[in-house]
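Understanding the architecture of this molecule
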Amino acid sequence: MAVSEIRQATVKRKTSETDIALFLRIDGSGEAEVDTGIGFFDHMLKSFAKHGLFDLKLKVTGDLIVDCHHTIEDVGIVLGEAIKEAIGDKMSIRRYGDIILPMDETLIMCAIDLSGRPYLGFESTFTADSVGYFDTQMVKEFFYAISYSAGMNLHIRKIAGENDHHIIEGMFKAFAKALDEATVKDTRIKTILSTKGSL
Ligand SMILES: [Mn+2]
């Protein structure tokens, strides 16, 4: 990869429910400027940027007067689109990434294949209906939206965990680490890591 080829994307999406402007740099350093209107969601997305060493700028005006659903789901759609655009033709990338990430009593497994084929495997339980203004039901919806718009095979599973804040944060961090690993360029991979020749 030439130095000038920094992998990044800007995606804008406006509907009657949400207005989103997102900038993502895959080859970043963890810088984040995030304002979704949902404090806990901002905390999660900043964690995603920090631990994946991505740069993320995100401004959302959503219909929070309804609830958090459209805002969280639509950010998932837009973030997935930005990931897909930023990684481009997937030349020389590792393609697979995985981690078992601990956070206090919580243990989260995340595995990614940037296969081009969307799939979400998600298994978790939560105790509370929400953390702050973030509904725990929306965690799966968020990752589902990403997996479909990015075209990635994504498995996330809670192995252990009691505290919903830890469980969700563990998932965002694990997703970030696995995605970082999957998107890293390996100098030994001269083309695209598939016997088909494309992903
Ligand atoms: Mn936290």
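One can find the structure itself at the top, above this paragraph.
This report concerns the structure included in the present document. (Residues numbered from 1 in each chain as written. Predicted model: local features only at pLDDT ≥ 70, side-chain atom pairs only at ≥ 80, totals over all residues.)

1. Some points on the sheet that holds strand β3 (residues 32–35)
Rules: Strand pairing is assigned whenever DSSP detects at least two bridges linking the two strands. Each helix is a run of DSSP H or I of at least 4 residues and each strand a run of E of at least 2, with the numbering of both proceeding from the N terminus. Helix axes use the C-alpha atoms of the stretch in contact, all axes being lines fitted to C-alpha atoms, and the angles between their N-to-C directions lie in the range 0 to 180 degrees. Two residues qualify as a contact pair if the distance between their C-beta atoms, derived from the backbone, is within 7 Å.
Here we have four strands laid out as an open sheet, ordered β1-β2-β4-β3, and mixed in their pairing. Of all the strands in the sheet, just β1 (8–14) and β3 have a single pairing partner and so form its edges. Averaged over all pairs of adjacent strands, the angle between strand axes in this sheet comes to 5 degrees, irrespective of strand direction. When strand β2 (residues 18–25) meets strand β4 (residues 55–62), the two strands line up antiparallel, connected through eight bridges. Bridge pairing links R25 to D55 in β4. In this fold helix α1 (residues 39–52) packs onto β3 and β4, with an angle of close to 160 degrees to the strand it touches most, β3. Of the strands in this sheet, β1, β2 and β4 touch helix α2 (residues 69–87), which is tilted by about 35 degrees from β2.

2. Details of the nonpolar core
Put simply, the rule is: Connectivity within a nonpolar core runs through C-beta atoms within 7 Å, and the core itself is a set of buried Ala, Val, Leu, Ile, Met, Phe, Trp, Tyr and Cys residues. Residue burial here comes from a neighbour count, namely the number of other C-beta atoms, placed from the backbone, that lie within 10 Å of the residue's own C-beta, with 20 or more meaning buried, 12 or fewer meaning exposed, and in between meaning partly exposed.
Core analysis: the largest hydrophobic core is formed by 55 residues, its most contacted members being L24, C110, M171, A174 and F175. When residues of this core are assigned to their parent elements, the largest contribution, 10 residues, is made by helix α4 (residues 164–183). Residue contacts for M171: discarding those within four places in its chain leaves I108, V139 and I156.

3. Points about the packing of α2 against helix α3 (residues 138–150)
We apply this condition: With respect to orientation, any angle under 35 degrees is reported as roughly parallel, any angle over 145 as roughly antiparallel, any angle of 65 to 115 as roughly perpendicular, and every other angle as oblique. Crossing handedness: left-handed means the near helix sits turned counterclockwise from the far one by under a right angle, and right-handed means the same turn made clockwise. Ten residue types, Ala, Val, Leu, Ile, Met, Phe, Trp, Tyr, Cys and Pro, are classed as nonpolar, four, Asp, Glu, Lys and Arg, as charged, and the remainder, Gly among them, as polar.
In contact at an axis separation of 7 Å, α2 and α3 are set at 30 degrees when each is read in the N-to-C sense. Regarding the angle of α2 to α3, the classification is roughly parallel. You can see that α2 and α3 cross each other, and the crossing is right-handed. Together, H69, I72, E73, G76, I77, L79, G80, E81, I83 and K84 of α2 and M138, E141, F142, A145, I146, Y148, S149 and A150 of α3 make up the contact between the two elements. Residue classes in the contact of α2 with α3 are distributed as 10 nonpolar, four polar and four charged.

4. Considering the sheet that holds strand β6 (residues 106–113)
Reading across the sheet, the four strands line up as β5-β6-β10-β7 and stay open at both edges, with mixed pairing between neighbours. Both edges of this open sheet fall to β5 (96–103) and β7 (119–123), since each of them pairs with a single strand only. In this sheet, neighbouring strand axes are inclined to one another by 10 degrees on average, regardless of whether the strands run parallel or antiparallel. As paired elements, β6 and strand β10 (residues 153–160) share seven bridges and run antiparallel to each other. Its bridge partner being in β10, I108 is matched across the sheet by K158. Those strands touched by α3 are β7 and β10, and its axis lies near 160 degrees from that of β7. Here α4 sits on the sheet and contacts β5, β6 and β10; the angle it forms with β5, its principal contact strand, is near 150 degrees.

5. Observations regarding unusual backbone geometry
One non-glycine residue, K90, adopts positive backbone phi at about 65 degrees. Residue class for K90 comes out buried when judged on the 22 C-beta atoms lying within 10 Å of it. Even without being a glycine, S92 presents a positive backbone phi close to 70 degrees. Inspection of the secondary structure assignment puts S92 in the loop between α2 and β5.

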